[in-house]
Structure formats: C-alpha cells, structure tokens
Amino acid sequence: MRKKAGKAVIYFLVLMLCCTVAARAASSITVAKVKTAKVGKGVLTQLVTGSGTVTAKEQYSQSLPEGQKVKKVLVKPQTTVEAGQALVQLDMDYLAEKIEEKSREIEKLNLQLEQQKLAGQEDARTPETAQAQIALNNAEILLEQAQADYDQAAAEYENLANDPPAADSGQTQDSGQTQNGGLDSGQDVDQGEGPDTAGQTSQGGNSSGAGEYEKWEQEVQAAKDKMQSAADTLNSQAISYNQAVEQYELASQNEANARQNEEKKKKSNTLTVEGIQVDIEGAQAALKKLTDIQNAEGIVSAASSGIFQSAGVTEGDVTAGTEQIIIASQAAEAKGLIDQADVGKIQEGDKINIKFSGNTDTLEVRAERFEQVSAQETPSKEEEGQAGSGGMVWYGQGGEKELKTGTSFTYEASKESGSYEQVIPLSTLHQVQGQTFVLTAEARDGILGQVYTAVSVPVTVLDKDDKSAAVKSALNNKSLIIVESSKYVEEGNQVRLE
C-alpha cells in the first residue's frame, strides 16, 4: 500500500511539474487579439471625386476695335445685359486724333499716287537707230555711186581695149600688142639702136599710124587706171557700208533693249500705282471704321443678350484688336474636372452628386458630354491639382434647379465595376518583395488544446475599390482572414480571436 501511495504521489508531482512548465511556456508567448472576416462574393464600386465650377452653357465673343483707348468699362462682370446695351466707352479725344492721322495718311498716299503716275509716263527721246539709219542711208548712196562709177570706168576701158586703131603689118608686128588689145609696157616700140635705126624705122613705117597707136595705148592705160581707181573707191565704200550696217544693227539691239527696259519700268510703275491704290483703299476702310465709332459716340454695345463676363481690357488700355468681350448665355451647366488617373471611370449618363461651396445640400446631375482639358484652360483654385496633363472634363445639367455661373463645387460619382467570387477587405492585403498575400487564423492542436496560428496565403488582385479587393486565391468560405490585430502579427504567430 505504501508503494502504491508513493507512486501516486510521484505521478501527481510530475503532472504538476508539467502543468507548471506548460503554463510558464504559454505565459512567455505573445498572443495577439485579432478580428477576422470571411471571404465571399461581392460587388466592387468605383468612386471618383473631384471639383468643378458652374459655367455658361454657351459663350458669345465680340472683338473690340483695334488701336482705341478705353475710357471706361460700363458693366460689371456677371451682370445680365441685353443686346445693344452699352458695355465699353472709348476715349473720344483719342479717337479724333486717330481720325486726323488717318486722313493725313490718305492725303499723303494720294500725292504719292499722282507722283507715281507722272513717273510712269514715257520720256520723249530719239530712237537709238535714228543716227545709225542716216549713216546707213548715206553709205548706201555712196556705195551705189561708187558702183556706178566703176561700171562706167570698166565699160570705157573695155570699149577702148577692144577697139585699137588700124595699122600696117610691120607696124603691128613691131608694136608688140598685148593680149587684151593694148601695148606691152615692157616692150620697146623701136627694136633698133641709135639714130640710124630710128631713122630707118621712121622711113620704113607709117609715122602717122604709129602716133595714133601710141595715143590709143595711152588712152587704154588711162582708162585702166581710172577703172582701178573706181574699183578702189567701190571697195572702200563697200567697207564703209558694211560698217554702217553693223552700226545700225547694234543701234537696233540697243533700241530693243531700251524698249524692253522701258516696258519693265512701265510694268513696275503700274504695280506700284496699284499698290498705292490698295493702300488708299485700306486706309479709307480704316477711316470709315473710325468715323463709324465716332458716329456711335465711342460706345461698344453688346452683340447679344446674356451674362457679361469680361471685356478683356481695363480703363486706360489701348486695344490691340485681339481683346474679346465675352457674354455667356443665361443657361448654365456643371463642369467637373476628372483627374488623369480617373479618366474613363465616369461614362455618359452616369449620376454625379455635387455639393456647392458653403452648402451642405447635394444636387444630382448626369454626365452629358466630355472634353479634353485644353492647354489654355486655367482651373480655379479649387480645381488646381485635380486635372493633370491629359485630364478630361465632364458637363452636366442641373435639372430644374437654376445654377449660378461661377459657383464652385465638389463632386462624387460611384459606379459598380463588377461582381466577383472572392471579395475581401482592402486592409487585409499585404505585400512583401512584390508578393501579395493575406494572413489567416488557422486552428491547430497544441499542448493546452486547440490554438490559432497566423498563416500566409498568396492572392492575386483582380480589382479593387476604396474599401474592398477582388482576388483569386486558395481561400474558401471557412477561411478566417485577419482584419485587425492588437499587436504586430506575422506568419507563425499565435493569435486569439476576439
């Protein structure tokens, strides 16, 4: 009995020791209290927020006259105006100076026009060919005269050369007649030597016939010399005539060039005259505009009814002609800026709730149309930062409620993006080194019984909104996803469900 009692005591002590060790071990483990949620089917909702202003549905613009000094803007912005209502008063004294300047400009242009017309008249002058023609005519007359003189001298020579005087045979033999009927100038008439020979010849021949023949020879030689002189004169006159022809041709070319230059000058003058006439017409049109402004007493009136936005000028400005008077239609619409990241999330017909500045009430509008944000569009202070590069704007009507132009507002637009099998709270997603996962509380058996341990489960995010995320994973409807914890929890930590 004592042995059994001793064994029981030992067993009890061992049991107590194990419990103590287990208790101490349990007390040394940090257990986080956690809240969990289950995965399930769900619908994600896209929420788009932004800001905007109320703008006129249509705007009308009209230009201010160029080069006029503004005396006063007669209407304040956001004032309702009627067509024909006075908007801007121009400085009449400044206008009168401009009219005077333009009148003097027209007068000066008219003087320039008359001067240019006179300059375009052809100058009186003698043609380049006039003197050359006279010289050519004279050369032609002299050439004809020289030709006639030569022809006459040649005829006289031929007649004499072909009609020698009659003589006896002896006389003829000794005479040494040349081939052309004349005498050979190199042959002596008397072949004898000395006075005896001469006496014999005189005695044996006909002295009378010899004298006639010598005279004929002299006449032929004189006719030949005359013909040669006439030939030289003819040749000289021919050269002079050819030179006169060349001079005339050169003068003709110079005359043609002079005529061509005159035509160019005349055409240039005509173009200059036409240009001055165009300037006169433009100046006259400008003067008419100025006188029209003067007749209207310098008043610029509204071209249409609506809400006056701005005149584009201030008092004392001199207009450049690019300033625009802007008049907006009384019908207004909401205009909201969409950030680049949210482009496409709002579609035509979507409902948008807008809240005006300083007002807690909301107004529901529908998106009617969309436009790209222009580079020239300057957002208001409330709109700055809402639309980045490439952003869009939406426009919507306010129904029966009258919207006041220029009022700023904020807006919200929500839209279901789809239904999914696994939807979890967005806060349960964790990411480490590019891997996305959730922590679940998984029940496991321990020394003291069943305990919950944090387990990492990888997930693939399909879509998400501001509160939830649609995922694809190994989770099921029994999985307990850790949503909140009292302490930092990582995989393997024990947790306690609240």
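Quick look at the structure, then. (Residues numbered from 1 in each chain as written. Predicted model: local features only at pLDDT ≥ 70, side-chain atom pairs only at ≥ 80, totals over all residues. Heavy atoms only, no water.)

Remarks on the pairing of strand β2 (residues 40–56)
The side chains of a regular strand alternate, residue by residue, between the two faces of the sheet. Rules: One bridge is not enough; two strands pair if DSSP finds at least two bridges between them. In this text, helices come from DSSP runs of H or I with a minimum length of four residues, and strands from runs of E with a minimum of two, each type numbered from the N-terminal end.
Looking at chain direction, β2 and strand β14 (residues 408–425) are connected through 13 bridges and run antiparallel. By the bridge assignment, V48 is partnered in β14 with A413.

Some thoughts on the sheet that holds strand β6 (residues 86–90)
Counted only if it meets this: Axis definition: a line fitted to C-alpha atoms, over the contacting stretch in the case of helices. Angles run 0 to 180 degrees between N-to-C directions.
A sheet is described by the order of its strands in space; here three strands give the open sequence β4-β6-β7, paired in antiparallel fashion. The open sheet is flanked by β4 (70–73) and β7 (299–301), the only strands paired with a single partner. On average, each strand axis in the sheet is tilted by 25° relative to the strand beside it, whichever way the strands run. Of the strand pairs in this sheet, β6 and β7 are connected by three bridges, and their pairing is antiparallel. Bridging across to β7, V88 finds its partner in V300.

Remarks on the sheet that holds strand β9 (residues 324–328)
In a beta sheet, neighbouring strands are held together by backbone hydrogen bonds and run either parallel or antiparallel to one another. With antiparallel pairing, the four strands of this open sheet are ordered in space as β3-β9-β8-β5. The open sheet has two edge strands with one neighbour each: β3 (59–63) and β5 (79–81). Taking each pair of neighbouring strands and ignoring which way they run, the sheet shows an average axis angle of 40°. Relative to strand β8 (residues 306–310), β5 runs antiparallel, the two being bridged by three bridges. Of the residues in β8, the one forming a bridge with V81 is G306.

Quick word on the pattern of salt bridges
Heads up, the condition is: Basic side-chain nitrogens of Lys or Arg form a salt bridge, by our definition, when they fall within 4 Å of a carboxyl oxygen of Asp or Glu.
Per the counting criterion, the structure on display carries 16 salt bridges. Residue E122 pairs with R259 through a salt bridge whose shortest N-O separation is 2.7 Å. One end of the pair, E122, is in the loop between α2 (92–119) and α3 (129–161); the other, R259, is in helix α6 (residues 207–295), with 137 residues separating them in the sequence. R369 is the partner of E371 in a salt bridge, and the nearest nitrogen-oxygen pair spans 3.6 Å. Overlapping salt bridges bring together E122, R125, E255, R259 and E262 as one network.

Things to note about the environment of K108
Within the fold, K108 resides in helix α2. Considering only alpha carbons, one finds K108 and I280, 172 residues apart in sequence, at a separation of 9.4 Å.

Describing empty space enclosed by the protein
It is the rolling of a water-molecule-sized probe over the atoms that shows where space remains empty. As a reminder of what qualifies: Cavity means a closed set of points on a 1 Å grid over the protein atoms alone, one where a 1.4 Å probe fits but cannot get out, pocket means an open set with protein on both sides within 12 Å along at least 5 of 7 lines, and lining means a residue has an atom within 4 Å of a point. Grid points are joined across faces, edges and corners, and a volume is the space filled by probe spheres set on the points. Residues were grouped as follows: Ala, Val, Leu, Ile, Met, Phe, Trp, Tyr, Cys and Pro as nonpolar; Asp, Glu, Lys and Arg as charged; and all remaining residues, including Gly, as polar.
Overall, the coordinates contain two cavities of 30 Å³ or more when judged by the stated rule. Considering only enclosed or pocket space, the second largest cavity measures out at about 30 Å³ in volume. Along the walls of the second largest cavity sit Q46, V48, K345, I346, D350, K351, A413, S414 and K415, which together make up its complete lining. Those elements that place two or more of their residues in the lining of the second largest cavity are β2 and β14. Of the residues in the lining of the second largest cavity, the class split is three nonpolar, two polar and four charged.

Some words on the side chain of N269
Note the cut-off: Residue contacts are defined here by distance: any two heavy atoms, one from each residue, within 4.5 Å place the two residues in contact.
Its place among the elements puts N269 in helix α6. Ignoring any residue separated from it by four or fewer positions in sequence, one finds N269 in contact with Q116, A119 and G120.

Some remarks on the pairing of β6
Note the cut-off: Only protein chains enter the accessibility calculation, which uses a 1.4 Å probe. A residue is then buried if its area is under 20% of the maximum for its type, exposed if over 50%, and partly exposed in between.
Within β6, four of the five residues are buried, leaving the element largely enclosed by the surrounding structure. When β4 meets β6, the two strands line up antiparallel, connected through three bridges. Note on β6: the bridge partner recorded for V70 is L90.

Some details on the nonpolar core
Proteins that are soluble and globular tend to have nonpolar side chains buried together. Rules: Among buried residues, the Ala, Val, Leu, Ile, Met, Phe, Trp, Tyr and Cys ones that are joined through side-chain atoms within 4.5 Å form a nonpolar core.
In this structure, V81, L87, V88, F308 and I325 are the most contacted members of the largest nonpolar core, which totals 26 residues. If you list the elements that add at least two residues to this core, you get β6, α2, α6 and β9. Among the elements that line this core, the one with the most residues is α6, at seven residues. Among residues more than four places away in sequence, those in contact with L87 are K72, V73, L74, V75, V81, V300, S301, A302, F308, I325 and I327. In this structure, A334, I338, L363 and L403 belong to the second largest nonpolar core, which totals 18 residues.

A look at unusual backbone geometry
The phi dihedral of Q78 is positive, around 70°, even though this residue is not glycine. One non-glycine residue, Q433, lies in positive phi territory at about 55°. Relative to the elements of secondary structure, Q433 occurs in the loop between β15 (430–432) and β16 (435–446). Residue Q433 is classed as exposed on the basis of its relative accessible area, which comes to 81%.

Notes on the packing of aromatic side chains
Quick note on the threshold: When the centres of two rings from Phe, Tyr and Trp lie within 6.5 Å, Trp using its six-membered ring, the rings pair. Their planes under 30 degrees apart give stacked, over 60 give edge-to-face, and anything left gives tilted.
Following the criterion strictly, the structure yields four aromatic pairs and no others. Both rings, one in Y213 and one in W216, keep their centres 5.1 Å apart while their planes meet at 45°; by these two values the pair is tilted. Separated by three residues within a single helix, Y213 and W216 lie in helix α6, roughly one turn from each other. Across the pair, exposure class does not vary: Y213 and W216 are buried alike. On the basis of an interplanar angle of 45° and a centroid distance of 6.2 Å, the ring pair of W394 and F409 is categorised as tilted.

Digging into α2
Test applied: Each helix should span, by expectation, one fewer than its residue count multiplied by 1.5 Å. Polar contact is defined as a pair of N or O atoms within 3.5 Å, subject to the rule that within protein one atom must be able to donate a hydrogen and the other to accept it, and that residues adjacent in sequence are counted only when both atoms are side-chain atoms.
With 28 residues, α2 extends 41 Å between its outermost C-alpha atoms, agreeing within 8% with the 40 Å of an ideal straight helix rising 1.5 Å per residue. Listed in full, the buried residues belonging to α2 are L95, I99, K102, I106, L109 and L113. Capping the start of α2, D91 holds a side-chain oxygen 3.0 Å from the backbone nitrogen of D93, two or three residues further along.

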